[in-house]
Amino acid sequence: MRRLLFTALIVALVVIGVLFGSINQQLADLNLLIISIQLRVVDIAVLFLLLGIVLGLTLATLYSLQRKAKGWLRKSTDNN
């Protein structure tokens, strides 16, 4: 039941995203440090969403590796 609810939530969010993308076709300027580009509002939203996902996964992986390394170091010092 929980998996079905989670799947329904994901499908609903994807549908909302597609509707948002089909409605907002206007161009917006994205000014970066060196360049300025024109993208659709939806493209900018997807770009920042993907950037957030990559950044979050990177930080979670680094945190997980740090915790595993501490446990590994603790085990190696306990054996000596």
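About the criteria used
Residues numbered from 1 in each chain as written. Predicted model: local features only at pLDDT ≥ 70, side-chain atom pairs only at ≥ 80, totals over all residues. Heavy atoms only, no water. Helix = DSSP H or I, 4+ residues; strand = E, 2+ residues; numbered from the N terminus. Buried < 20%, exposed > 50% of the residue type's maximum accessible area, 1.4 Å probe, protein only. pLDDT = per-residue confidence, 0-100. Pairing = 2+ DSSP bridges. Patch = residues over 30% accessible without salt bridge, like charges linked within 9 Å, V, L, I, M, F, W, Y side chains within 5 Å. Areas by Shrake-Rupley, 256 points an atom, 1.4 Å probe, with all protein chains shown as cover. Salt bridge = Lys/Arg side-chain N within 4 Å of Asp/Glu carboxyl O.

(A) Representation of the overall build of the protein in the model. The helix and strand inventory of the protein stands at two helices and two strands. In sequence order, the protein lays out its α and β elements as α-β-β-α. Counting every position in the protein, which comprises 80 residues, the buried fraction comes to 6%.

(B) Spatial organisation of the confidence of the model for the protein. Looking at the protein, the pLDDT average stands at 83 and 88% of residues meet or exceed 70. Taken element by element, the protein is modelled with least confidence in helix α2 (residues 41-79), mean pLDDT 81, and with most confidence in strand β2 (residues 36-40), mean pLDDT 90.

(C) Representation of the pairing of β2. As judged from the five bridges shared by strand β1 (residues 27-31) and β2, these two strands associate in the antiparallel manner. Paired with L27 across the strands is R40, a residue of β2. The turn joining β1 and β2, which pair antiparallel and follow one another in sequence, is formed by four residues.

(D) Quick look at a nonpolar patch on the surface. A contiguous nonpolar surface patch, about 700 Å² in accessible area, is contributed by F6, L9, I10, L13, V14, I16 and V18. For L13, the location among the structural elements is in helix α1 (residues 2-23).

(E) Inspection of the pattern of salt bridges at higher detail. On inspection of all chains with the given rule, the structure shows one salt bridge. A salt bridge links R40 to D43, with the nearest nitrogen and oxygen atoms 3.0 Å apart. Look at D43 and you get partly exposed, because its relative accessible area is 28%.

(F) Layout of the environment of V46. Secondary-structure assignment places V46 in helix α2. The spatial distance from the C-alpha of V46 to the C-alpha of G17 is 9.4 Å, given a sequence separation of 29 residues.

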